[in-house]
Amino acid sequence: MIVIVQNDPEVPCGVLPELAEQKRIGYEIVPAFEGGEYPEVHGIRGAVVLGGKMSVHDIAIHPFLDRVKRYIGSFLADGVPFLGICLGGQLLAEVLGARVCRNSNGERGCRTVSITSQGMESPLFRGLPERFVTFQWHDDSFDLPESAVRLARSESCSNQAFEWGGNAYGLQFHPEVDGRIVSAWSDGDERHVREFADREGQYRAHSRRLLENFLDIILRCR
């Protein structure tokens with residue numbers, strides 16, 4: 001089973017459950033913002049922590065984030081394959097001692113990301129072109145943690161993806177969204193909706209390949 005931690009009711013899992021089912025991987029969605037129970041780390045094969053409109057610095061407003069950070073630390077200690085998306089990637093970076101910069105290098109909409117030479121050798125990016133289309137929706141950004149490897153960058157944000165410890169990955173972009181989610185986040189701004197619709201074919205192919213690669217990493221860690 002994999003655990004998908006949802007930090008924000010407005011930032012859902014997108015295509016992740018569908019892809020997990022196709023790989024015959026069971027999953028449990030944990031709505032962390034509700035303050036309920038978390039599954040025990042022992043026996044969990046992989047973990048994904050999703051994004052959210054809050055910042056990693058907003059512990060006083062969203063105290064559950066401190067619990068999510070401890071949960072991430074438990075996955076790292078157990079060597080569980082881990083993927084942090086946007087806020088999830090920032091939380092991973094902070095757990096690893098890196099700085100998360102408020103209102104720095106923010107991006108909105110479809111943006112091209114470049115894979116580094118190390119990233120081209122990473123199993124997370126297997127089969128992707130050196131430059132590919134992502135969907136971005138962030139204000140904050142993370143510094144690279146100590147001992148981490150930068151896997152991808154963009155013109156506006158130099159740290160788009162990193163790997164730490166061999167099987168923990170942090171992303172600044174969103175590979176999980178679909179048109180419905182983009183429309184909800186755009187809140188009436190049709191520019192992002194039209195842009196996503198125009199580039200959805202490329203985005204879908206690249207993003208699904210990345211997520212499938214992560215699920216394959218989990219399967220290889222049996």
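In this report, the structure presented in the accompanying data block is examined. (Residues numbered from 1 in each chain as written. Predicted model: local features only at pLDDT ≥ 70, side-chain atom pairs only at ≥ 80, totals over all residues. Heavy atoms only, no water.)

**Overview of the packing of aromatic side chains**
In total, this model carries twelve aromatic pairs according to the counting rule given. An aromatic cluster of at least three residues, connected via ring pairs, comprises Phe-135, Trp-137, Trp-185, Phe-196 and Tyr-203. Over the ring of Tyr-38 we find Arg-67; its NZ or CZ atom is 3.8 Å from the centre of that ring. (Phe/Tyr/Trp six-rings, centres within 6.5 Å; stacked < 30°, edge-to-face > 60°. Lys NZ or Arg CZ within 6 Å of the ring centre and 35° of its normal.)

**Observations concerning the side chain of Glu-107**
If you trace the backbone, Glu-107 turns up in strand 6 (residues 107–115). Put simply, Glu-107 is tucked away with no salt bridge, and the nearest opposite charge, on Arg-111, sits 5.3 Å away. Only 2.7 Å separates the side chain of Glu-107 from the side chain of His-138, close enough to count as a polar contact. If sequence neighbours within four positions are ignored, Glu-107 has contacts with Gln-136, Trp-137, His-138, Ser-154, Ser-156, Cys-157 and Gln-160. (Helix = DSSP H or I, 4+ residues; strand = E, 2+ residues; numbered from the N terminus. Buried < 20%, exposed > 50% of the residue type's maximum accessible area, 1.4 Å probe, protein only. Lys, Arg positive; Asp, Glu negative; His and termini not counted. Salt bridge = Lys/Arg side-chain N within 4 Å of Asp/Glu carboxyl O. Polar contact = N/O pair within 3.5 Å; in protein donor to acceptor, adjacent residues only side chain to side chain. Contact = heavy atoms within 4.5 Å.)

**Remarks on the pairing of strand 10 (residues 161–164)**
Sheet topology places strand 9 (residues 149–153) next to strand 10; three bridges connect them, and they run antiparallel. What sits directly across from Arg-150, in strand 10, is Phe-162. With four bridges joining them, strand 10 and strand 11 (residues 168–171) adopt antiparallel strand pairing. Its bridge partner being in strand 11, Ala-161 is matched across the sheet by Leu-171. What sits between strand 10 and strand 11 in their antiparallel hairpin is a turn of three residues, with Gly-165 showing a positive phi close to 70°. (Pairing = 2+ DSSP bridges.)

**Details of the pattern of salt bridges**
Under the criterion given, the structure shown has eleven salt bridges. A salt bridge links Asp-216 to Lys-23; the nearest nitrogen and oxygen atoms lie 2.8 Å apart. Separated by 193 residues along the polypeptide, Asp-216 in helix 6 (residues 190–220) and Lys-23 in the loop between helix 1 (16–22) and strand 2 (27–31) bring together distant segments of the chain. Relative accessible area serves as the criterion here: at 26%, Lys-23 is assigned to the partly exposed category. Arg-102 is paired through a salt bridge with Asp-58; the nearest N and O atoms lie 3.7 Å apart. One end of the pair, Arg-102, is in the loop between strand 5 (100–101) and strand 6; the other, Asp-58, is in the loop between strand 3 (46–49) and helix 2 (64–78), and 44 residues separate them in sequence. On the basis of relative accessibility, which here comes to 43%, the residue Arg-102 falls in the partly exposed class.

**A look at the packing of helix 5 (residues 179–186) against helix 6**
Contact pair helix 5 / helix 6: the axes reach a minimum separation of 9 Å and the direction vectors enclose 160°. Regarding the angle of helix 5 to helix 6, the classification is roughly antiparallel. The two elements helix 5 and helix 6 cross, and the hand of that crossing is right-handed. Counted together, Gly-179, Val-182, Ser-183 and Ser-186 of helix 5 and His-192, Val-193, Phe-196 and Glu-200 of helix 6 form the full contact between these two elements. Classifying every residue of the contact of helix 5 with helix 6 gives three nonpolar, four polar and one charged. (Axes fitted to C-alpha atoms, helices over the stretch in contact; angles between N-to-C directions. Parallel < 35°, antiparallel > 145°, perpendicular 65-115°, else oblique. Left-handed = near helix turned anticlockwise from the far one by under 90°. Nonpolar A, V, L, I, M, F, W, Y, C, P; charged D, E, K, R; others polar.)

**Considering the sheet that holds strand 10**
Across the sheet, which stays open at both edges, the nine strands sit in the order 2-1-3-4-11-10-9-6-7 with mixed pairing between neighbours. Both outer strands of the open sheet, strand 2 and strand 7 (131–138), are each paired with one neighbouring strand and no more. Pairwise comparison of adjacent strand axes, ignoring direction, gives a mean angle of 25° for this sheet. Taken together, the four bridges between strand 1 (residues 2–6) and strand 3 define a ladder with parallel strand orientation. Considered in strand 3, the bridge of Ile-2 is made with Gly-46. Against the sheet, helix 3 (residues 87–95) contacts strand 3, strand 4 (82–85), strand 10 and strand 11, and its axis sits at roughly 120° relative to strand 4.

Fair warning: the whole summary comes from geometry, so function is off the table for now.
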